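The residues making up each chain are set out below.
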Amino acid sequence: MSRPVPTRHLPGLLLLLWPLLLLPPPTAPGPLAGASVQRLGIRGPGGRPGRRPSPSSDSSPARGAGVCKSRPLDLVFIIDSSRSVRPLEFTKVKTFVSRIIDTLDIGAADTRVALVNYASTVKIEFQLNTYSEKQALKQAVARITPLSTGTMSGLAIQTAIEEAFTVEAGARGPTSSIPKVAIIVTDGRPQDQVDEVAAQARASGIELYAVGVDRADMESLKTMASEPLEEHVFYVETYGVIERLSSRFQETFCALDPCVLGTHQCQHVCISDGDGRHHCECSQGYTLNADKKTCSAIDKCALGTHGCEQICVNDRTDSYHCECYEGYTLNADRKTCAAQDKCALGTHGCQHICVNDRTGSYHCECFEGYTLNADKKTCSVRNKCALGTHGCQHICVSDGAASYHCDCFPGYTLNDDKKTCSDIEEARSLISTTDTCSCEATLVFQEKVSSHLQRLNTKHILSGKLFVFLYTFLRGTM
């Protein structure tokens, strides 16, 4: 550590040293040239060009709003406030801490913050459970003052393990998945051993970040930090640019939201799961493909839940509609089908009768006395008796498709007109009024009746009893 310059000599010394103050800062020792370190500054160690912040490394606390959400952490800052850190530089360190806090979601269920201030002694400024509101936390940081003696980095880490990262101090327990993180900021070489205590911290599950400023010993930073070193060791040339590192830690502690960034590659919908994780979903009516990115239309007809009575048809709009078989028409419910009344349409072509079938079709039939022709449409006369135009008084007997003859009911006889019938009682009356002694008349009558009975018997119209009656009657009149 450099000795303080007496205040009374400052004016003269400033005049002598003013040209030197305009020169670039002295180069750091060789170890600062390690490849596994992220550097920020106008010039890197040894006068080589340093790594300039990218345009996206804006240190504004509002950067990334909506793009990411910080992971819940148990975060402990371990800051060097030894004599080598001037008051203005210490203010820069506090600004750096405040800007990191700005990027975090602070709260009992989110990130909890503690701060360990050290030089040759160690002071815990506040514990993890002291503040749960961001504004109060930042005000507490602003009130911190430097301790101004020594650089006991090992002791500071040991204190953080034993007093800050405890359940009593507000750390989440071992069953919690909340990460435990410590950020060490120093500009010098530790005046105690850090190897074992840093290893102990890492072994207990604490992730260590080491930030070196100006003349910081790079090997000590590497000894303290967690692996991989290129992600946990940072170097800045001066405290004037340390604030720029806040954006780096924001990216480290912040789970970038690919859904907001537009890098998700989801075809339809991107769902943020927190901690930078996401998954893809599909719009209604679509299903996620095996690649977990793209979507395919759901075959709603194949699902069997469409409700169509007959035919389900998938539409390009990822919906469906119902249709009916030929001969059926879709009902008003757009689901069920009814057989079409093709007969009512008047296009059936049936000559006589059109009959609707349950299958949504139809067939032709003919009136009584007609038969359906081979064309299944037209009809031909099958029984002229059935037409009702035969003129028979009693019985019409069909003799084929185009002819017929008339007969009479039992007890009647067909008249000479071959249409009408007369009661047989009339014949008896005729006999009683005829001269029974006239053989010629009797013979004529007998011949006439016998001929009629023979004809009726041939047609199987008269019953046996009636035939016997007439036969007996004739014999009695002879």
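Everything that follows concerns the structure shown earlier in this document.
Residues numbered from 1 in each chain as written. Predicted model: local features only at pLDDT ≥ 70, side-chain atom pairs only at ≥ 80, totals over all residues. Heavy atoms only, no water.

Student: Quick question: what am I supposed to make of the packing of aromatic side chains here?
Tutor: Here the distance between the centres and the angle between the planes together describe a pair of aromatic rings. In total, this model carries six aromatic pairs according to the counting rule given. Here the aromatic rings of Phe249 and Phe253 are separated by 5.7 Å at their centres, their planes lie at 40°, and the arrangement is tilted. Taken as a pair, Phe249 and Phe253 lie in helix H8 (residues 245-253) at a separation of four residues, close to a single helical turn. Of the two residues, Phe249 and Phe253, neither departs from the other in class, the shared state being buried. Ring pairing ties together the aromatic residues Phe96, Tyr209, Phe234, Phe249 and Phe253, which thus form one cluster. (Phe/Tyr/Trp six-rings, centres within 6.5 Å; stacked < 30°, edge-to-face > 60°. Helix = DSSP H or I, 4+ residues; strand = E, 2+ residues; numbered from the N terminus. Buried < 20%, exposed > 50% of the residue type's maximum accessible area, 1.4 Å probe, protein only.)

Student: Even after reading the chapter, I still don't get the pairing of strand E3 (residues 74-80), so can you show me in this structure?
Tutor: Looking along a regular strand, one sees the side chains alternate between the two faces of the sheet. Burial analysis of E3 places seven of its seven residues in the buried class, the great majority of the element. Residue alternation in E3 divides its side chains into two sets, Asp74, Val76, Ile78 and Asp80 and Leu75, Phe77 and Ile79, and both sets are buried. Bridging between E3 and strand E4 (residues 112-118) involves seven bridges; their strand directions are parallel. Within E4, the residue paired with Val76 across the bridge is Ala114. What joins E3 to E4 is helix H2 (residues 87-102), and the crossover it makes is right-handed. (Pairing = 2+ DSSP bridges. Right-handed = clockwise from strand over helix to strand, strands pointing away.)

Student: How should the nonpolar core be read in this particular structure?
Tutor: Residues Leu75, Phe77, Ile183, Val185, Ile242, Phe249 and Phe253 are the most contacted members of the largest nonpolar core, which totals 34 residues. Where this core is concerned, the elements lending two or more residues are E3, H2, E4, helix H3 (134-142), strand E6 (180-186), strand E7 (206-213), strand E8 (233-236) and H8. With residues near it in sequence (within four places) discarded, Phe77 still touches Val97, Ile100, Ile101, Val113, Ala114, Leu115, Val116 and Ile183. Ala114, Ala164, Met218 and Ala225 belong to the second-largest nonpolar core, a separate cluster that totals 30 residues. (Core = buried A, V, L, I, M, F, W, Y, C linked by side-chain atoms within 4.5 Å. Contact = heavy atoms within 4.5 Å.)

Student: Whenever I open this one, the environment of Val260 confuses me. Can you help?
Tutor: By the element assignment, Val260 lies in helix H9 (residues 258-261). The class for Val260 is partly exposed, based on a relative accessible area of 46%. Considering only alpha carbons, one finds Val260 and Ile271, eleven residues apart in sequence, at a separation of 9.8 Å.

Student: Looking at this structure, I do not really get H3. What am I missing?
Tutor: Every α-helix carries 3.6 residues per turn, so stepping three or four residues along brings you back to the same face. Buried residues of H3: Leu137, Ala140 and Val141, and no others. Summarising the axial view, the buried residues of H3 lie within an arc of 100°, below the 170-degree limit, and thus occupy one face. (Arc of directions from axis to C-beta.)

Student: Mind showing me how you'd approach the state of the cysteines here?
Tutor: By definition, a disulfide links two cysteine residues through a covalent bond between their sulfur atoms. Tallying each qualifying case throughout the model produces twelve disulfides. Each sulfur in the disulfide pair Cys282 and Cys295 lies 2.0 Å from the other. Disulfide Cys282-Cys295: the torsion about the S-S bond is -90°, which places it as left-handed. Placement of Cys282 in the loop between strand E11 (277-281) and strand E12 (286-288) and of Cys295 in strand E13 (residues 295-297) is noted, with a sequence separation of 13 residues between them. The burial state of Cys282 is the same as that of Cys295; both residues are buried. One disulfide bridge connects Cys324 with Cys337, the sulfur atoms lying 1.9 Å from each other. Linking Cys324 and Cys337, the disulfide has an S-S dihedral of approximately -90° and is accordingly described as left-handed. Here Cys324 is found in the loop between strand E15 (320-323) and strand E16 (328-330), whereas its partner Cys337 is found in strand E17 (residues 337-339), with 13 residues between them in sequence. Each member of the pair Cys324 and Cys337 is classed as buried. (Disulfide = S-S within 2.5 Å.)

That's the geometry; what it means functionally is another story.
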